[in-house]
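# Residue-level structure breakdown
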Amino acid sequence: MLWTDVPYPDTVEQLERALREQPVIVHETMGGGDTAGALERIGRLVSELPFRAYVAVVETPDDVDAGIEAGRYLATALSRRIGEPGLYVVDGPDSVLGVRMVGTGWDETIFSLQTSTNQEAVGRSAGTTVLSPTVDVETVLETALASPPQPSGSEYDEVTLADEVIEDLAERDRSLQPYERPGLDDEDAPPEPWSTGKRWMVGTSVAIVTLLVLLQTLRGWPGWPGWRRRRPEGSGTRSAPGRPATSDVDALRADATAQLTALAETLPVAPQGDRHERAALAREVAEHLLDSDDLLDVAGALVLARGGRRELAIALGRARTPYRVCFFDPPRHPTASQTVEWRFGDSVVEVPVCRTCRRDIKADRVPETLTVRRVGGSRPYYETDTVWARTGFGSLSTDIAELARQVAAERQRR
Amino acid sequence: MRLRLLGAVLAVGVAAGAGYLAATVPGHHPVAEEVSFDQQNLTAAAEAEPGDRVQAAIDGVRETGLYIGPELRGELTDDEVAAIERILAGSEVPIFLVWWGASYDSGYNTDYAAIDLLRVNVGEDGYYAVVSDGSPPPLLEAVGYESPYIDADGKGRPAAALTRIATELAALPARDLDDRPSSASDYWGGPGGGITAGVLFGVGGYLGLLVVVGLLGVALRSGRRESA
């Protein structure tokens with residue numbers, strides 16, 4: 001019989017008649033691409049069996065509605081319809097292999113279990129858990145040939161197929177694997193071309209990032225020392241930044257005059273000693289500054305007078321600690337009681353500050369700062385080239401006498 | 001103030017230079033020869049052996065343009081088959097039409113794999129169609145022409161469904177395959193799209209860096225303060 005002449009029965013009855021005429025039927029749709037070879041191999045195995053065998057590797061007839069149990073259903077139906085002792089094997093698409101062993105001396109359960117043991121051995125050798133339909137059927141037939149019929153209670157967990165048979169079946173299963181269209185794999189995709197648009201994208205990205213990073217570095221990075229070095233526009237101070245009004249200078253001068261007067265009145269009654277000498281020195285230097293038109297000089301006079309008075313107060317036992325100015329606005333802010341880190345040029349120093357300034361810095365706000373007008377606009381006093389910037393109005397000096405000496409030396413150099 | 005201005009000008013210059021260099025380096029990767037997905041499929045199929053079922057289809061369509069699987073023979077009358085074959089023969093573009101039952105155990109796992117084997121082994125330019133009984137719509141591919149598209153969905157009585165498919169395929173104009181490399185299209189949309197994307201990426205990257213550096217600075221300072 002030519003394999004191209006195999007019948008395609010539509011009903012169980014037609015399949016029964018076809019098997020009575022030719023006990024092995026393999027449909028092209030189940031043949032793994034080698035239907036003729038499968039027919040030849042299965043037909044040879046069937047002829048070697050000591051009992052009859054009916055094998056159908058077929059499309060499920062239309063009148064069978066048993067789902068994945070179609071193979072088992074058909075094997076049972078055919079064994080009853082044909083009614084002869086023998087082996088009935090049916091496999092179909094989307095159903096499990098159906099096997100019935102009837103009246104052959106084999107215990108059907110033992111044969112089924114032995115077949116499973118052998119199928120697993122072939123699957124292990126082929127590297128799969130699901131054998132091709134025709135190889136699956138060949139394994140059933142080889143199992144029936146491998147040993148004499150086994151009665152109930154026999155062992156079934158030993159592989160009964162010879163090694164060469166297992167290897168032959170496994171090799172055939174591998175060769176019958178269906179061709180699959182290769183899937184789309186991102187790793188196999190060619191890299192994105194270096195197109196004009198991509199060049200512009202990369203160039204613009206690099207330029208933008210570089211520019212912003214450089215500008216940010218010039219300005220200072222948030223969270224790092226120096227970030228608050230420059231005052232943002234619009235941040236408030238008591239006097240408008242860079243525009244100390246004349247009345248401010250006059251107010252400071254009046255305040256400094258009052259402080260100096262008090263200092264002069266206290267000097268004669270204070271006990272002699274180091275503190276008296278420091279106070280006298282501060283008074284002498286401050287008096288020379290009092291008439292200056294420079295805001296910083298007048299502010300310095302005020303700071304010196306306060307510092308001198310504090311020295312006398314300590315000498316008189318009315319105070320304990322020397323006068324210590326707030327770095328950011330020495331003449332106006334309360335005395336310093338805290339310290340913070342502050343960038344001065346390339347170095348970071350600790351400067352004394354009042355509570356308000358420390359709170360501002362902790363809250364990432366710019367503290368109110370004494371500013372002066374200079375060429376190019378107003379700027380914080382500590383960015384000017386003056387003795388007040390170098391000394392921080394004494395906040396960076398050891399004591400009031402040291403400040404007074406540095407101021408006096410500066411005046412002599414002018 | 002002057003120093004600040006000079007620094008800004010220098011930053012602009014350095015940034016422009018860095019951007020120019022990044023954009024003009026000669027390719028960040030070797031340019032691979034572009035192979036279309038369809039061509040990859042045909043190349044893979046050419047290395048596979050068609051099984052008996054596909055080989056029968058190859059022989060069948062070479063002979064008459066129409067092949068009917070053995071499981072479906074008898075579904076159409078000889079006149080119906082002849083009528084479909086006449087439609088196929090009258091087409092400007094050769095048509096190779098296969099009608100068979102769906103199968104997963106006959107040398108191919110899907111109709112996509114089958115039509116690749118069919119195309120590469122028939123080896124002629126034309127439209128190829130595989131119609132699986134009970135699994136419409138038809139699968140259409142081409143060799144040497146643009147892949148065809150038709151409205152016929154393969155539903156209905158077999159003769160009528162196949163006739164509609166054959167008729168619509170035969171009526172399609174011969175659209176030559178556009179095999180220009182797809183690199184002619186620019187994913188980034190040319191200079192305008194590239195600049196826009198670059199600004200977005202650059203600003204996004206800068207803002208991210210700003211947050212990271214800021215948090216790092218705050219963490220370092222607070223750590224130093226605690227240790228002091």
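To be clear, the structure that these remarks concern was listed above.
Residues numbered from 1 in each chain as written. Chains lettered and ligands numbered in written order. Predicted model: local features only at pLDDT ≥ 70, side-chain atom pairs only at ≥ 80, totals over all residues. Heavy atoms only, no water.

Okay, a nonpolar patch on the surface next. Taken together, the side chains of Trp200 of chain A together with Ile195, Val199, Val203 and Leu207 of chain B make up a nonpolar region of the molecular surface, amounting to roughly 390 Å² of accessible area. At 4 residues, helix α7 (residues 190–227) of chain B tops the list of elements feeding residues into the nonpolar patch. If you trace the backbone, tryptophan 200 of chain A turns up in helix α7 (residues 196–219). (Patch = residues over 30% accessible without salt bridge, like charges linked within 9 Å, V, L, I, M, F, W, Y side chains within 5 Å. Areas by Shrake-Rupley, 256 points an atom, 1.4 Å probe, with all protein chains shown as cover. Salt bridge = Lys/Arg side-chain N within 4 Å of Asp/Glu carboxyl O. Helix = DSSP H or I, 4+ residues; strand = E, 2+ residues; numbered from the N terminus.)

What follows covers the side chain of threonine 104 of chain A. Residue and element names in this part refer to chain A. Residue placement: threonine 104 occurs in the loop between β4 (98–102) and α4 (108–126). The buried category is assigned to threonine 104, whose relative accessible area is 14%. Separated by 3.3 Å, the side chain of threonine 104 and the backbone nitrogen of tryptophan 106 make a polar contact. Filtering out sequence-adjacent residues up to four positions away, threonine 104 remains in contact with Phe51, Gly86 and Pro149. (Buried < 20%, exposed > 50% of the residue type's maximum accessible area, 1.4 Å probe, protein only. Polar contact = N/O pair within 3.5 Å; in protein donor to acceptor, adjacent residues only side chain to side chain. Contact = heavy atoms within 4.5 Å.)

Across the contact, 54 residues belong to chain A and 69 residues belong to chain B. The junction of chain A with chain B conceals about 5300 Å² of combined surface from both sides, 66% of it contributed by carbon and sulfur atoms. Looking at the side of chain A facing chain B, the largest losses of area belong to Tyr179, Arg181 and Trp194 of chain A, adding up to 16% of the total buried there. Elements represented by at least two residues in the side of chain A that touches chain B include exactly α2 (35–48) and α7 of chain A. (Buried area = accessible area lost by both parts, 1.4 Å probe.)

All names here are of chain A. Within the open sheet, the 4 strands sit side by side as β1-β2-β3-β4. Their pairing is mixed. In this open sheet, the two edge strands, each paired with only one partner strand, are β1 (24–26) and β4. Mean inter-strand twist for the sheet, computed between neighbouring axes without regard to direction, equals 5 degrees. The pairing of strand β3 (residues 86–91) with β4 spans 5 bridges and is classified as antiparallel. Bridging across to β4, valine 90 finds its partner in glycine 98. Contacting β1 and β2 (53–57), α2 crosses the sheet at an angle of about 160 degrees to β1. (Pairing = 2+ DSSP bridges. Axes fitted to C-alpha atoms, helices over the stretch in contact; angles between N-to-C directions.)

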